[in-house]
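So you can see what is in the structure, the chains are spelled out below.
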Amino acid sequence: MADVLTARQRSFCMSQIRGKDTKPEYFIRSGLFALGFRYRLHRRDLPGCPDIVLPKHRAVIFVHGCLWHGHKCHLFKWPKTNSEFWRRKINRNREIDVLAVEQLRTAGWRVMTVWECAIKGRARLKPPKLFERMARWLLSERQRSEIAGRSTTKLVERC
Ligand SMILES: [Zn+2]
């Protein structure tokens, strides 16, 4: 069991670092494209290297894996193996996330975070609802938005 868990974590980690073209992100991208939104990907010159950038709407979107970014939801559990390593990694990621949002907003970008649990798993939102919320935010002037799966709360306590 521990091995399975570790392997899953490892591959998730690799997908975050390497390709970034993860399934949830691709799903979000194609949905936005279908609605007529046009974007750029992974602007490395922007803080936190946002997954999707919509210059016309002065907006960036992060699609965050719940494990990797420490989201308090049913998809997240503190890993039991190599726990010290993961604790440091995940806490570090969360620090980077907070900082990136601050820096982006200072630079005049609007920032949306879409959590993995809004896209997959038992708490996911129905796609029409998810994309409606995204579209409404993109066309609004609201600065910050977060979309998570149903009945999840914000962030896990640091341990
Ligand atoms: Zn989540």
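Before any of the text, the structure's been laid out above.
Being a predicted model, the structure only gives us computed values, none of them experimental. The residue numbering used here restarts from 1 in each chain and proceeds along that chain's sequence as written. It should be noted that, the model being predicted, local features are given only for residues of pLDDT at least 70 and side-chain atom pairs only at 80 or more, the latter also being counted only at that level, while totals for whole chains, interfaces and linings use all residues. Heavy atoms from the whole structure form the basis of all side-chain values; hydrogens and water molecules are not counted.

Colleague: Tell me what's going on with the coordination of the zinc ion, and back it up with residues and numbers.
Modeller: Tetrahedral metal sites with four donors have an ideal angle of 109.5 degrees; octahedral sites with six donors have ideal angles of 90 or 180 degrees. Only N, O and S atoms count as donors, using a 2.8 Å cut-off from the metal and 3.2 Å for Na, K and Ca, and because water is excluded some sites may appear unfinished. The coordination sphere of the zinc ion, as far as protein atoms go, consists of Cys66 (SG), His71 (ND1), Cys73 (SG) and Cys117 (SG), spread over 2.0 to 2.4 Å. Considering all four donor atoms around the zinc ion, angles at the metal cover 101 to 116° and the coordination shape is tetrahedral. By relative accessible area, cysteine 66 is classed as buried at 0%. Burial status follows relative accessibility: with a 1.4 Å probe on protein chains alone, a residue under 20% of its type maximum counts as buried, one over 50% as exposed, and anything between as partly exposed. Owing to a relative accessible area of 2%, histidine 71 belongs among the buried residues under this scheme. The rule is simple: four donors are tetrahedral if all their angles sit between 85 and 135 degrees, four are square planar and six octahedral if opposite donors span more than 155 degrees and the others lie between 65 and 115, and anything that fits none of that is irregular.

Colleague: Lay out the environment of leucine 138 with the relevant residues and their values.
Modeller: Only DSSP runs of H or I covering at least 4 residues are called helices, and only runs of E covering at least 2 are called strands; the numbering of each starts at the N terminus. Of note, leucine 138 is situated in helix H4 (residues 127–138). The buried category is assigned to leucine 138, whose relative accessible area is 1%. Spatially, the C-alpha atom of leucine 138 lies 7.0 Å from that of alanine 59, the residues being 79 residues apart in sequence.

Colleague: Please set out the packing of helix H2 (residues 23–34) against H4 residue by residue, giving values where relevant.
Modeller: Two numbers describe how H2 lies on H4: the axes approach to 11 Å, and their chain directions differ by 65°. In terms of their interaxial angle, H2 and H4 are classed as roughly perpendicular. Note that H2 runs across H4; the crossing there is right-handed. Residues Phe27, Ile28, Gly31 and Leu32 of H2 lie in contact with H4, whose contacting residues are Pro127, Leu130, Phe131, Met134 and Leu138. Axis definition: a line fitted to C-alpha atoms, over the contacting stretch in the case of helices. Angles run 0 to 180 degrees between N-to-C directions. Here is the rule for angles: anything less than 35 degrees is roughly parallel, anything more than 145 is roughly antiparallel, 65 through 115 is roughly perpendicular, and the remaining ranges are oblique. Two helices that cross are described as forming a left-handed crossing if the nearer one is turned anticlockwise from the farther one by less than a right angle, and a right-handed crossing if clockwise. Any two residues whose heavy atoms approach within 4.5 Å are treated as being in contact.

Colleague: Residues and numbers for the pattern of salt bridges, please.
Modeller: Here a salt bridge means any side-chain nitrogen of Lys or Arg lying within 4 Å of a carboxyl oxygen belonging to Asp or Glu. Per the stated rule, a full pass over the model turns up seven salt bridges. One salt bridge connects arginine 43 with aspartate 45, and the closest N-O pair in it is separated by 2.9 Å. Look at arginine 43 and you get partly exposed, because its relative accessible area is 22%. The salt bridge partner of arginine 88 is glutamate 84, with a shortest N-O separation of 3.6 Å. Remark: glutamate 84 and arginine 88 occur in helix H3 (residues 83–106); sequence separation between them is four residues, near one turn of the helix. What makes arginine 88 exposed here is its relative accessible area of 55%. Judged by its relative accessible area of 38%, glutamate 84 is partly exposed.

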